[in-house]
Amino acid sequence: MTLDNGLRVLLAPDGTAPVVAVAVHYDVGFRSEPEGRTGFAHLFEHLMFQGSENVGKAEHPKYVQAAGGIFNGSTHPDHTDYFELLPSGALELALFLEADRMRAPRITRENLDNQIAVVQEEIRVNVLNRPYGGFPWITLPPVAFDTFPNAHNGYGDFSELEAASLDDAADFFDKFYAPGNAVLTVAGEFDPDATLELVQRYFGAIPARPVPTRRSFAEPVRAEERRESLVDKLAPRPALAVGYRVPDPDADLPAFLATYLLTDVLTTGDASRLERRLVQKDRSVTAVSSYVGTFGDPFDQRDPLLLTLEARHAGDSTADTVLAAVDEELDRLAGDGLEPGELERVQAQVASAILRESDDALGRALAMATFELHRGRPELLNELPGLLFEVTADAVAAAAGALRTQGRSVLELRAGAA
């Protein structure tokens, strides 16, 4: 249902466990940040935990934990989410907390300065002082894309974080945190009618505001390869990241799903093509993986997005050696197709992973909200396993061939600690 202020509400009752998950997804991520304010979407996520009109600073976590629950938030390329998982008797508490900060988060100079420092420390720990920190989610996009929304550092540059002002925060909230730009999801053990009354009580009074027009971040697929390199002074071994553009998940879901299955054919498990070739036979890499989407979730962002192939290789093997072997395996897949039973194996792997991750209330709430936010179809979560089993071996082979006909993006990481 949709409230009068535009907030979309999803209810997924399930009485198998006495818990309830509440999630609020806002249709803004780091691809919507203005130029000169890199990292602002993530910084604003932090601000949303600094209190609101009726909740004091640091009280949100205390209320949730005192009720026996957990909470968190996360920033993605195209959305930001906030969630709680609580005993089902604490549902009203979660709705009150989320509604209060949707209506009036406490945006003050003190909170802003404090959270800029917290985010900067997070970047030092996770990126600057860690081997392979930010590789490749921060470092590959500037090689793969040309425009600011797709190429910039979503964690943020220190100088731009420090330049953030209260006006920036107020403008960001007014523009992107309107009820009509959000999805509220409740999953778990609850009474639907009583829950709708609570939703109306806490969220229905939040005034409607204009909703920003969703921007297109489309870029053309390049025909030529682009290659860059960097030195990681903490990394003990060289590494390689290769980015390939994938089909638009909204415009061509079947081709997108075939590409998704291709990643499992290539690198998931000992029987996968590149595990056998690069790790077991050639011994040119110590580990190889591939995934679709910035953080490995193929369904949490819109077009354009990448299939990323990541490998850490021994010092005596070169990037060109690894790339040549990858090309050979992709050509073999495109030309000879899949081996008997290979498609069924990866279909079962991927479908079971989706069912496993959405089996609990929180996983189901987060997945349904994302499908509603990006595609307007939360029921796609239940349809996905069936759609994956409709993908043919020819479609997966064609997906492999499509990677070979475009200009890939290659980023070499050279080990500075070796």
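Details of the structure are given in the entry above.
Residues numbered from 1 in each chain as written. Predicted model: local features only at pLDDT ≥ 70, side-chain atom pairs only at ≥ 80, totals over all residues. Heavy atoms only, no water.

Caption draft 1: Here's a closer look at the overall build of the protein chain. Looking only at helices and strands, the protein chain features 16 helices and ten strands. Its C-alpha atoms give the protein chain a radius of gyration of 22 Å, within 12% of the compact-globule value 22 Å for 418 residues. Based on the C-alpha atoms only, the size of the protein chain along its principal axes is roughly 60 × 45 × 35 Å. Looking at the 418 residues of the protein chain, the share that counts as buried comes to 55%. Counting contacts in the protein chain only where the partners sit at least 6 residues apart, residues at least 24 apart contribute 83% of the total. (Helix = DSSP H or I, 4+ residues; strand = E, 2+ residues; numbered from the N terminus. Rg over C-alpha atoms; globule rule 2.2 N^0.38 Å. Buried < 20%, exposed > 50% of the residue type's maximum accessible area, 1.4 Å probe, protein only. Contact = heavy atoms within 4.5 Å.)

Caption draft 2: Quick peek at the sheet that holds strand 7 (residues 239-245). With mixed pairing, five strands are arranged side by side in an open sheet as 6-10-7-9-8. Lying at the two open borders of the sheet, with one neighbouring strand each, are strand 6 (226-232) and strand 8 (285-292). Averaged over all adjacent pairs, the angle separating strand axes in this sheet is 15°, with direction ignored. Bridge count between strand 6 and strand 10 (residues 409-415): seven bridges; the pairing is parallel. Bridging from a neighbouring strand, glutamate 228 pairs with leucine 411 of strand 10. Of the strands in this sheet, strand 8 and strand 9 (306-313) touch helix 10 (residues 253-267), which is tilted by about 165° from strand 8. (Pairing = 2+ DSSP bridges. Axes fitted to C-alpha atoms, helices over the stretch in contact; angles between N-to-C directions.)

Caption draft 3: Structural view of the packing of aromatic side chains. Per the stated rule, a full pass over the model turns up 20 aromatic pairs. Plain terms: the ring middles of phenylalanine 30 and phenylalanine 295 are 6.4 Å apart, the flat faces sit at 85° to each other, and that makes the pair edge-to-face. Taken together, the residues span a long stretch of sequence, with phenylalanine 30 in the loop between strand 2 (19-26) and helix 1 (40-47) and phenylalanine 295 in the loop between strand 8 and strand 9 at a distance of 265 residues. In this structure phenylalanine 295 comes out as partly exposed when scored by relative accessible area, which is 39%. By the ring-pair criterion, three or more aromatic residues cluster together here, those being Tyr26, Phe40, Phe44, Phe49, Phe71, Tyr82, Phe172, Phe173, Phe176 and Tyr177. A cation over a ring is seen here: arginine 101 above phenylalanine 49, with NZ or CZ 4.6 Å from the ring centre. Its end group placed over the ring of tyrosine 132, arginine 312 keeps NZ or CZ at 3.7 Å from the ring centre. (Phe/Tyr/Trp six-rings, centres within 6.5 Å; stacked < 30°, edge-to-face > 60°. Lys NZ or Arg CZ within 6 Å of the ring centre and 35° of its normal.)

Caption draft 4: The pairing of strand 10, seen in detail. Burial of strand 10 is extensive: five of the seven residues sit out of reach of the surface. Pairing between strand 7 and strand 10: five bridges, direction antiparallel. Bridging from a neighbouring strand, leucine 240 pairs with glutamate 412 of strand 10.

Caption draft 5: Representation of the packing of helix 10 against helix 15 (residues 380-389). Axis separation between helix 10 and helix 15 bottoms out at 11 Å; the angle between their running directions is 70°. Here helix 10 lies roughly perpendicular to helix 15, going by the angle between them. From helix 10, Leu253, Leu257, Tyr260 and Leu261 reach across to helix 15, where they touch Leu380, Leu384, Leu387 and Leu388. (Parallel < 35°, antiparallel > 145°, perpendicular 65-115°, else oblique.)

Caption draft 6: Region of the structure containing the layout of surface pockets. Empty space within the largest pocket amounts to approximately 780 Å³. Around the largest pocket, the lining comprises 35 residues; the ones closest to its centre are Gly296, Asp297, Pro298, Phe299 and Glu357. Elements with a minimum of two residues in the lining of the largest pocket: strand 3 (70-75), strand 4 (80-87), helix 10, strand 8, helix 13 (342-357), helix 14 (361-375) and helix 15. At six residues, helix 14 tops the list of elements feeding residues into the lining of the largest pocket. Looking at side-chain class alone, the lining of the largest pocket contains 16 nonpolar, 14 polar and five charged residues. One number sums up the size of the second largest pocket: a volume of about 350 Å³. Together, 20 residues line the second largest pocket, and Ser32, Lys175, Phe176, Pro212 and Arg215 are the ones closest to its centre. The element contributing the most residues to the lining of the second largest pocket is helix 8 (residues 166-176), with five residues. In terms of residue class, the lining of the second largest pocket is built from seven nonpolar, three polar and ten charged. (1 Å grid on protein atoms, 1.4 Å probe; cavity = no way out; pocket = protein on both sides within 12 Å on 5 of 7 lines; lining within 4 Å. Points joined across faces, edges and corners; volume = space filled by probe spheres on them. Nonpolar A, V, L, I, M, F, W, Y, C, P; charged D, E, K, R; others polar.)

Caption draft 7: Examining unusual backbone geometry more closely. Note the cis peptide between phenylalanine 135 and proline 136, where omega equals 0°. Structurally, the position occupied by proline 136 is in the loop between helix 4 (109-128) and helix 5 (141-144). Even without a glycine there, the phi angle at alanine 58 is positive, about 70°. Counting through the fold element by element, alanine 58 comes out in the loop between helix 1 and helix 2 (59-66). Overall, the relative accessible area of 36% leaves alanine 58 in the partly exposed class.

Caption draft 8: How the structure looks around the pairing of strand 3. Note that strand 3 and strand 4 share six bridges and pair antiparallel. Residue pairing for strand 4: glycine 73 is matched across the bridge by tyrosine 82.

Caption draft 9: Representation of the side chain of asparagine 5 within the structure. Mapped onto the elements, asparagine 5 comes out in the segment before strand 1 (8-13). Among the polar contacts listed, one links the side chain of asparagine 5 to the backbone nitrogen of leucine 7, at a separation of 3.1 Å. Within polar-contact distance, the side chain of asparagine 5 engages the backbone oxygen of isoleucine 206 at 2.9 Å. Other than its neighbours up to four places away in sequence, asparagine 5 contacts Pro179, Gly180, Phe203, Gly204, Ile206, Pro207 and Ala208. (Polar contact = N/O pair within 3.5 Å; in protein donor to acceptor, adjacent residues only side chain to side chain.)

Caption draft 10: Seen up close, helix 4. Compared with the 28 Å implied by 1.5 Å per residue over 20 residues, the 27 Å span of helix 4 between its first and last C-alpha is a close match. Taken as a whole, helix 4 has its buried residues at Asn111, Leu112, Gln115, Ile116, Val119, Gln120, Ile123 and Val127. With its buried residues spanning 165° around the axis, helix 4 presents them on a single face. Its buried side turned inward, helix 4 meets helix 1, helix 7 (158-162) and helix 8. (Expected span 1.5 Å × (residues − 1). Arc of directions from axis to C-beta.)

Nothing here speaks to function; it is geometry throughout.
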